[in-house]
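# Inside the fold
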Amino acid sequence: MHWFAAKSIIVSFPRWRPLTLLLRRLSARRFNALPLPLRQGERINSFKAERGRIVRGATKATRRSKESKYLIEEEDNSHIMWWKEKMQTCKKPSSIQLVKRLNYSNLLGLDVSLKNGSLKEGTLNMELLQFKSKFPREVLLCRVGDFYEAVGFDACILVEHAGLNPFGGLWSDSIPRAGCPVMNLRQTLVDLTRNGFSVCIVEEIQGPTQARTRKSRFISGHAHPGSPYVFGLAGVDHDVDFPEPMPVVGISRSAKGYCMISVLETMKTFSVEDGLTEEAIVTKLRTCCYHYLFLHMSLRHNSSGTSRWGEFGEGGLLWGECNGKRFEWFDGTPVNELLYKVRELYGIDQEATFRNVTVSSEKRPRPLYLGTATQIGAIPTEGIPSLLKVLLPSNCFGLPVLYIRDLLLNPPPYVIASAIQSTCKLMSNITCPVPEFTCISAAKLVKLLESKEANHIEFRRIKNVVDEISHMYGSSELSAILQMLLDPTWVATGLKIECKTLVKECELISHRIGEIVSLDGEKDHEISSFPNIPEDFFEDMESSWKGRVKRVHAEKAFAEVERAAEALSKAVTEDLLPIILRVKAVMSPLGGPKGEISYAREHEAVWFKGKRFAPSVWSGSHGEEQIKLLKPATDSKGRKVGEEWFTTSKVEDALNRYHEACAKAKAEVLELLRGLSAELQTEINVLVFSSMLLVIARALFLHVSEGRRRKWVFPTLVEFSKSSENESLEEINKMEIIGLSPYWFDAAQGNAIQNTVIMQSLFLLTGPNGGGKSSLLRSICAAALLGICGLMVPAESAIIPHFDSVMLHMKSYDSPADGKSSFQIEMSEIRSIITGASPRSLVLMDEICRGTEMAKGTCIAGSIVEILDHIGCLGIISTHLHGIFDLPLTRKNAVYKAMGTESADGHTKPTWKLIDGICRESLAFETALKEGIPEAIIRRAEELYHSINGRACSENDMKNGNLSPPDSGVNGFDEASDSLRRTSNGFTHVSDTLNPIEILQKEVENAVIIVCQRKLIDLYKKRSLSELAEVTCVMVRAREQPPPSTIGASSVYVLFRPDKKLYVGQTDDLVGRVRAHRSKEGMENATCLYVVVPGKSVASELETLLINQLPRQGFRLTNKADGKHRNFGTSNLSLESLTVHQ
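A short tour of the structure in this document, coming up. Being a predicted model, the structure only gives us computed values, none of them experimental.

Across the sheet, six strands lie side by side as β10-β9-β6-β7-β8-β11; this open sheet has mixed pairing. Both outer strands of the open sheet, β10 (328-330) and β11 (355-356), are each paired with one neighbouring strand and no more. In this structure, strand β8 (residues 269-276) lies alongside β11, joined through two bridges in parallel fashion. Looking across to β11, one finds that T269 is bridged to R355.

Shown next, in the form of structure tokens:
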């Protein structure tokens, strides 16, 4: 029945028309990808060469002589080689067998000598080849009856990536063929696009055809990564998920630096970002899911004039990112050439225009560097607390999250940041209800309207969007927010629309949709209902088009459906009902014949269904006239359905009339919806702008809600003043953050160690291991970035300049794939930072030059301090290279800062507070001991340290056993090795009667008792507890449950997993929590121990303490990260007191 809607847009190819006239020929050039060089002995075969071969057997020779003379064009060679490369990546045995039956002489990969391989004029293969020539690098799926079929290359891809089985088995003498049922098309497309393939879908026109004639086919649409297949969505009552659009990306070099061109085929837009650094380019590539990547030939020529494209020096970082990935080179004018290639790739007319949505980057901060983005969690990185996750509520996902992520990675200009902050402040103070802020993907809007496949559901959403814009404009409090959001929306879309124009156009769109589309609550679309016909029949026949548009626009079609339904009811009542009544009246109570009017769903028909019913036997009884009219029911192809189904000519005529009326009504409904899509195409810019505005509004509203919950504040954002080198220190710009908390810690829950940072120059920061240097740098970076984006910051108050770049460098790792050591990686990143630093930058470097020889590393670090101080940027350089203070550094403004320490119980401990001065104490030995290094190793290390620093060990120390004699080094290391072996086994001395699991449980129990009891004593001394509670551990073993007394009581618990890892948690409902843990696979018999404690706050403190302390005793935790990154460092107990004795 789809042919009613499709026939007006389909053009059939006459069978007599020569293939050469049907093949698509580009007016200018074909796809200009560089073909891969042929290996020795390889060549591309054509049919002309094929005919010249010696062929065994007269049958094959005859067949080949009848094949059409298809000669592959020279420009098709690159496409065939592209497919050959894809075939070489196949790994499944089934797809490898299919690849062996391919022939690389045509774009389909068919071997004409195999069964079903003919490429004669008029064959399905030739028709497929015609479609393939238009989109040579797309997988082709062709509708054939109830399947979508693929041949040759495409069949191999379906088997390899979509999990489908080949037609005819693996050892067939036929060409490779595969396919999927019609109902599984969507899933197959998802599988293919997820693996990076584009798909061209060919539909056949549904409807009656003449005998021995091939159905006409047409390209119904395409599915690309980031752009799903939408054909037929206008007629369905469900939605389809639209992923984030995937652009085609081109990278080139210009006089300003690196240039990135992004083209969105769906939106018909492109943007150009010029003057980027190499780091910024790599960050964008890492965070952008692109469909195709093109590299311009200008990248082969660096600033030194050489033609090297490799891993070292300038361009090495980009080379490492692109190495091993699929990309193609291109030449010429970058923008024009890339747009040309996009038109080629997606089959877009060369005259089609793309809108430039580039927003000037003047006065805009540089995009975030890759190292910065990963070290603050703007890009998800294992082990790094995610900044993105704390900016919005945990249940937020989709478009608002993507907007905030892009905002962080590409900070806005000062004017836009100020507008975002003003919007957030207004949202924080409004008292009126706010709209839902309906979020619709702009790419989805454009594709559905452009393809005329928007259904009634989508139109209702569009109406919600424009109505919410009008509602905001009409509200005294929300109208100011609407006005403030115009500029951020302009930056996000490249569209500039005045507020009054926007509101006026939104009102017109809403009115037009309201005129056509049936809205919720309207009752003029009731499904037909008659007593003698099953309700499911009318529901299935009419629900696919009723309730979509207002009845007034298709009154005649709707009325005809009602008349046809009434006629069908009358025919059923007159012809079938008497039979039913007769059968029921004489039905044998012992299982005689039965009859009913039933709905044959598969055949969309209402028939008489008689079990053990024979019309010839009943023809002489009452109702004989109606029984004689019965005939076997048949399907659409005239085949008998079954022995139980019967109908009459009158009922069949009524059914046909009803189906035709429904088909006509549905076609009119679809025509109205598609007509509305065509009308709204003229308003596409308004719709894109409105949808993006609401996405931004929702993102900021959710951010403000979460920021208020976390007790964050709005910083004072100031433009960075232009200062000359001769100005005094007091006149230099400064950043001031009071009460700064780590962003990953919820300050609303208290117990955060806060710092005050007043920065007017470069800081040279020292401090002990675990003293909070890295956490401080990461927190300052996040606060500065949030401030220049106009968002709330984790502090009590803040004044933040609008930096032109925020750069954070943390520890570096080696890259074996690129052949680079960690020091090489670090130097490459520092080069990028120094090159991009200016007096308006914030530069944060953590413990630089650690990966090389100390003396030279210290000198390099000192030189870096000098150059950054000379540049005049704000920032912090932290270091453990204390020799840097002995260097004759030339510095103007750099000052020394340190992370504080204090002495308690004879031990030096960090305070995690920023102070003035220099800290030369590293606490290296204490840190190593806390992390489980055997004490003997630490003692020997102390000896060596004192020996090189010119201090001998005192005899008293040796007598007291604190240090070993100098000549006992070998024995000391033997003892350390033995201790290490014992420690690695998880215990020092255990009873032979306990198994390893029981040993682990006993050790954990002892450790928990010690840690918790000491903490409770400490809290009692501080008068945080009214009375001292004794720690009692209770073990809940397999097939046991905690007692009901634990419900409502605060407790901290340790769960023992089957892999011998521990999970530490706290709860007020231990029964429910244990049940939840055991509901997971493999955890059914998990054992746990728990301690009831006085209050939830105490339970939270003990949970954090155990998470930090248990790993230092050698226990492995699954949730170790939960205890990390809190308070710039969590207060730790002395490990000597935590030694577990058995």
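Enumeration over the complete set of coordinates arrives at 20 aromatic pairs. Residues W83 and F153 carry aromatic rings whose centres are separated by 5.7 Å and whose planes lie at 5 degrees to one another, so their mutual orientation is stacked. Here W83, found in helix α5 (residues 77-87), pairs with F153, found in helix α8 (residues 153-161); they are 70 residues apart in sequence, far enough to count as distant. Among the residues examined, W83 registers a relative accessible area of 0% and is labelled buried. Across the ring face of W490, the terminal group of K496 is positioned such that the distance to the ring centre comes to 4.1 Å.

It is worth spelling out the side chain of R343 at this point. Among the secondary structure elements, R343 is positioned in helix α12 (residues 334-346). Of the side chains with opposite charge, D349 lies nearest to the buried R343, which makes no salt bridge, at 7.0 Å. Within the structure, the side chain of R343 is placed 2.7 Å from the backbone oxygen of A352, a separation counted as a polar contact. Discounting chain neighbours no more than four positions away, the residues touching R343 are I348, D349, Q350, A352, T353 and F354.

Together, I1017, Y1020 and L1028 make up a nonpolar patch on the protein surface, roughly 250 Å² of accessible area in all. Of note, L1028 is situated in the loop between α36 (996-1021) and β26 (1034-1036). Judged by relative accessible area, L1028 falls into the partly exposed class, the value being 44%.

All right, on to the pairing of strand β5 (residues 217-223) then. Summarising burial for β5: six of the seven residues are buried, a large majority. Of the pairings in the sheet, the one linking strand β4 (residues 199-204) to β5 comprises six bridges and is antiparallel in character. Paired with V202 across the two strands is I219, which belongs to β5.

One can find E683 in the loop between α27 (649-680) and α28 (684-709). Along the primary structure E683 and E505 are separated by 178 residues, whereas in three dimensions their C-alpha atoms are 7.9 Å apart. Every residue in contact with E683, bar those within four places of it in the chain, is listed here: E505 and I509.

As a further point, take the pairing of strand β2 (residues 147-151). A large share of β2 lies buried, amounting to four of its five residues. Here three bridges tie strand β1 (residues 139-144) to β2, and the two strands are oriented antiparallel to one another. Residue pairing across strands places V144 opposite F147, the latter belonging to β2. Here β2 pairs with strand β3 (residues 177-181) via five bridges, running antiparallel. Bridge pairing in β3 places V151 opposite R177.

In this section: the nonpolar core. Judged by nonpolar contacts, the single largest core of 158 residues is most densely connected at L387, L408, F459, F537, M735 and L842. Contacts of M735, omitting those with residues within four sequence positions, involve V757, I758, M759, I780, A784, I799, I800, P801, F803, L842 and L874.

Okay, helix α7 (residues 124-134) next. Burial analysis of α7 places nine of its eleven residues in the buried class, which makes it a mostly covered element. Every buried residue of α7 is listed here: N125, M126, E127, L128, L129, Q130, F131, K132 and S133.

Tallied over the full model, the rule gives 46 salt bridges. D487 is paired through a salt bridge with K496; the nearest N and O atoms lie 3.4 Å apart. Classification of D487 as partly exposed rests on a relative accessible area of 29%. Of the charged contacts in the structure, one is a salt bridge between K640 and E643, with a shortest N-O distance of 3.3 Å. K640 gets classed as partly exposed once you look at its relative accessible area, which sits at 46%. Here the residues in one salt-bridge network are E85, R137, R326 and E328, joined through shared partners.

Thresholds, definitions, all that
Residues numbered from 1 in each chain as written. Predicted model: local features only at pLDDT ≥ 70, side-chain atom pairs only at ≥ 80, totals over all residues. Heavy atoms only, no water. Pairing = 2+ DSSP bridges. Helix = DSSP H or I, 4+ residues; strand = E, 2+ residues; numbered from the N terminus. Phe/Tyr/Trp six-rings, centres within 6.5 Å; stacked < 30°, edge-to-face > 60°. Buried < 20%, exposed > 50% of the residue type's maximum accessible area, 1.4 Å probe, protein only. Lys NZ or Arg CZ within 6 Å of the ring centre and 35° of its normal. Lys, Arg positive; Asp, Glu negative; His and termini not counted. Salt bridge = Lys/Arg side-chain N within 4 Å of Asp/Glu carboxyl O. Polar contact = N/O pair within 3.5 Å; in protein donor to acceptor, adjacent residues only side chain to side chain. Contact = heavy atoms within 4.5 Å. Patch = residues over 30% accessible without salt bridge, like charges linked within 9 Å, V, L, I, M, F, W, Y side chains within 5 Å. Areas by Shrake-Rupley, 256 points an atom, 1.4 Å probe, with all protein chains shown as cover. Core = buried A, V, L, I, M, F, W, Y, C linked by side-chain atoms within 4.5 Å.

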